[in-house]
Amino acid sequence: MNSITKSDYDQILDKAAAIQCKWREIPAPRRGELLRVFGNQLRESQESIAHCIMSDAKKIQAEALGEVQEAIDMCDFAVGLSRQLYGLTIASERPEHKLQEAYHPLGVIGVITAFNFPCAVWSWNHCLAIVCGNSVVWKASPKALHVTAACKQAWDQTVQNCMPGEGFEDLLQLVEGHKEQAEWMADDARISLLSATGSTGMGKALAPRVATRLGKALFELGGNNGMVVSQHGNLDLAVRAIVFGAVGTAGQRCTTLRRLIVHESVYNELLSKLKPAYASLAFGDQFNAETLVGPLIDEVAVERMQNALSSARAKEYIVHGGEHLRDCLVRPAIVEATEQCELVRTETFAPILYMLKYSELTEAIQLHNGVPQGLSSCIFTDNLQEAETFISAVGSDCGIVNVNIGPSGAEIGGAFGGEKETGGGRESGSDAWKQYMRRSTITINYGKSLPLAQGIKFGD
Ligand code: UN1
């Protein structure tokens, strides 16, 4: 892919800033209307965009269609939001005063997305940014060029149909490039919020640059997601969740299940149920309707997986599966780890599931939280005390905490993101929109005197 030059980049950013000044004046419900139509445009283009996702990200059809569905859901969410961008009115301590807050558009939102969710993660940011009155500059993964072009085209078509000649053609602009362009964005004070999804390494490289200019950033970085399977859990349900969580998207979701923390009394039984479930998975070409596990994104990903498995073997962990079959196709691996070593604590973006044993729930929670990442988590148990403990303050330290469902495949209605090295950002649902706006705290005096807060008397 071509990378744009710095002067092209500067032009894009100047244009984005100018357009935002006009867009912020459009009433939010009208901004929402544009997203309503965009949702319909995506419904019409669902199959063609999914096809691009299948070619670029190598996802199977069901997952590719699901990803576009996520973007459609985001449009619906944003339409509702367009009439709910509200602030509070707060009791003032002074007579004849009113204290209130208002949310205003923020500016230009810089969006950086990864190869694995090239449409959905963009839509989380784009839909919120647009409904909140911002313009968007998007640096997509160079590995997902067709998806990016298809999304951009669907958006441009919508703007063209809904607001022809109103000057909003460039509300969304692309920043083509790699690391250097991402760094320009991180350094750029014209970008009011940088929302970046990708590896923890990428986040650690960009975060200090944004911090140096005291800019706002929202990071959604690596995960090392765990599932606790208790002796009180429904193992058959767990097996289904494990297979989707660990093997779906060929283990290349940030929410992929990577660690299985199993009560010692059900460890062997669970493993004996998992082995046939893994053995029955259909591998192959992602375009084949039967396939459940498609290829990894590229040779580098295959190599990283094989390296991790070699390290596991060197530690004498038992490795089930994991073979490199052909091209970028691999068999998902289950690794029986005897301790949560550095290897297990590291996110390898591939279908490797590490299994660990525990005897007490406190130990399971300690193991669970004993990794640098904090994205998604879950427990399988039908025991109320265990479930409530896991979701309590002393339980999982992740941003996403599930009971009796796997760690991946979140709905857009909740805030998505995680703690620790996952970066702390929250995207998509709940009140994530507030990050795409600036808050004004407003005090109005409608009386004829000037009382000061805290009862201070100053010269009267
Ligand atoms: C990602 O991998 O960056 O919860 C996002 C999920 C999806 C989003 C994953 N809805 O697995």
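All residue numbers refer to positions counted from 1 along the written sequence of the respective chain. Selection of residues for local features in this predicted model requires a pLDDT of at least 70, selection of side-chain atom pairs for listing and counting requires 80 or more, and totals for whole chains, interfaces and linings are taken over all residues.

Asker: In this structure, what is going on with the sheet that holds strand β4 (residues 135-139)? I would like to understand it.
Answerer: Picture the strands of a sheet paired through backbone hydrogen bonds; they go either parallel or antiparallel. Strands are treated as partners if at least two bridges between them are detected by DSSP. Only DSSP runs of H or I with at least four residues qualify as helices, and only runs of E with at least two residues qualify as strands; both kinds are numbered from the N terminus onward. Across the sheet, five strands lie side by side as β5-β4-β3-β6-β7; this open sheet has parallel pairing. The open sheet has two edge strands with one neighbour each: β5 (172-174) and β7 (216-220). Each neighbouring strand pair of the sheet contributes to a mean axis angle of 20°, computed without reference to strand direction. Taken together, the five bridges between strand β3 (residues 108-112) and β4 define a ladder with parallel strand orientation. Residue pairing for β4: G110 is matched across the bridge by V137. Axes here mean lines fitted to C-alpha atoms, for a helix over just the part in contact, with angles spanning 0 to 180 degrees between N-to-C directions.

Asker: Would you explain the packing of helix α6 (residues 179-187) against helix α7 (residues 200-212) in this entry?
Answerer: Two quantities define a packed helix pair, namely the angle between the axes and the distance from one axis to the other. The contact between α6 and α7 brings their axes to 8 Å, and the two run at 30°. As far as their axial angle goes, α7 and α6 are roughly parallel. On the side of α6, the interface is formed by A182, E183, A186 and D187, while α7 contributes L206, R209 and V210. When residue character is reported, Ala, Val, Leu, Ile, Met, Phe, Trp, Tyr, Cys and Pro are called nonpolar, Asp, Glu, Lys and Arg charged, and the others, Gly included, polar. Of the residues assigned to the contact of α6 with α7, the class counts are four nonpolar, no polar and three charged. If an angle is under 35 degrees, it is roughly parallel; if it is over 145, roughly antiparallel; if it lies from 65 to 115, roughly perpendicular; otherwise it is oblique. Two residues form a contact once the distance between their C-beta atoms, set from the backbone, is within 7 Å.

Asker: Help me out: how do you make sense of the nonpolar core in this one?
Answerer: Of all hydrophobic cores here, the largest spans 133 residues; its most connected members are I49, C75, A78, C119, C127, L128 and L353. Of the residues forming this core, the biggest block, 10 residues, is contributed by helix α3 (residues 61-81). Note that the domain bounds reflect an automated or database-derived domain assignment. When residues are assigned to domains, this core turns out to be shared by domain 1 (6-221 + 423-443) and domain 2 (225-403), each giving three or more. Once you skip the residues sitting within four places of it in the chain, L128 turns out to touch A78, A432, W433 and Y436. Throughout this description, the term nonpolar core refers to a group of buried Ala, Val, Leu, Ile, Met, Phe, Trp, Tyr and Cys residues whose C-beta atoms join them within 7 Å. Exposed residues have 12 or fewer other C-beta atoms within 10 Å of their own C-beta, buried residues have 20 or more, and partly exposed residues fall in between, where C-beta atoms are placed from the backbone.

Asker: Hey, could you run me through unusual backbone geometry in this one?
Answerer: A negative phi angle characterises most non-glycine residues, just as the trans form characterises most peptide bonds. Here A250, not a glycine, exhibits a phi torsion of approximately 50°, which is positive. Residue placement: A250 occurs in the loop between α8 (235-247) and β9 (257-263). Judged by C-beta crowding, with 30 C-beta atoms within 10 Å, A250 ranks as buried. Its identity as a non-glycine residue notwithstanding, D327 has a phi of 45°, on the positive side. Note on placement: D327 falls in the loop between β11 (324-326) and β12 (329-330).

Asker: I tried to follow the sheet that holds strand β1 (residues 89-90) on my own but got confused; where do I start?
Answerer: Sheet architecture is open: three strands sit in the order β1-β2-β21, paired in antiparallel fashion. Since the sheet does not close on itself, it has two edges, and those belong to β1 and β21 (437-445), each with one partner. Pairing of β1 with strand β2 (residues 97-105), which is carried by two bridges, proceeds in the antiparallel orientation. Residue pairing across strands places T89 opposite Q100, the latter belonging to β2.

Asker: Got a minute to help me understand the domain arrangement of the protein chain in this structure?
Answerer: Reports often express the size of an interface as the amount of accessible area lost when the parts come together. Assigned domains of the protein chain: these are domain 1 (6-221 + 423-443) and domain 2 (225-403). Each of domain 1 and domain 2 has a C-alpha centre, and these two points are 32 Å apart. Listed per partner, the contact involves 11 residues of domain 1 and 13 residues of domain 2.

Asker: How do you make sense of the environment of W184 when you look at a structure like this?
Answerer: Position of W184 relative to the elements: it lies in helix α6. Sequence separation between W184 and K6 is 178 residues, and the spatial gap between their C-alpha atoms is 8.3 Å. Sequence-distant contacts of W184, defined by excluding residues within four places in its chain, comprise K6 and Y9.

Asker: Quick question: what am I supposed to make of the site of the ligand here?
Answerer: Any residue whose backbone-placed C-beta atom lies within 6 Å of a molecule or strand is treated as near that molecule or strand. If you check the shell around the ligand, you find E70, N116, F117, V121, T197, R253, C254, T255, S408, G409 and A410 and nothing else. Broken down by class, the residue content of the shell around the ligand amounts to four nonpolar, five polar and two charged. Per-domain counts for the shell around the ligand show at least three residues from each of domain 1 (6-221 + 423-443) and domain 2 (225-403).

Asker: I keep staring at the pairing of strand β6 (residues 191-197) and nothing clicks. Help me out?
Answerer: Two faces, one strand: in a regular strand the side chains alternate between the faces of the sheet. Of all seven residues that make up β6, seven are buried, and the element is covered over most of its length. Two strands pair when backbone bridges link them, and β6 and β7 are joined in this way by five bridges, in the parallel orientation. Pairing of L193 across the sheet is with K216, part of β7. You can see the chain leave β6, run along α7 and come back into β7, and the turn it takes is right-handed. Looking down the strands as they point away from you, a crossover is right-handed if its path from the first strand over the helix to the second goes clockwise.

Asker: Please explain the pairing of strand β17 (residues 400-403) as it appears in this structure.
Answerer: Of the two faces of β17, the one holding I400 and N402 is buried and the one holding V401 and V403 is not buried anywhere. Note on the crossover from strand β16 (residues 376-380) through helix α13 (residues 384-391) to β17: the handedness is right-handed.

Asker: How do you make sense of the environment of A16 when you look at a structure like this?
Answerer: Within the secondary structure layout, A16 lies in helix α1 (residues 6-23). Taking the C-beta count within 10 Å as the criterion, A16 has 25 such neighbours and is therefore assigned buried. For the pair A16 and D170, spaced 154 residues apart in the sequence, the C-alpha separation amounts to 7.1 Å. Among all residues touching A16, those that are not within four sequence positions of it are V108, S135, V137 and Q173.

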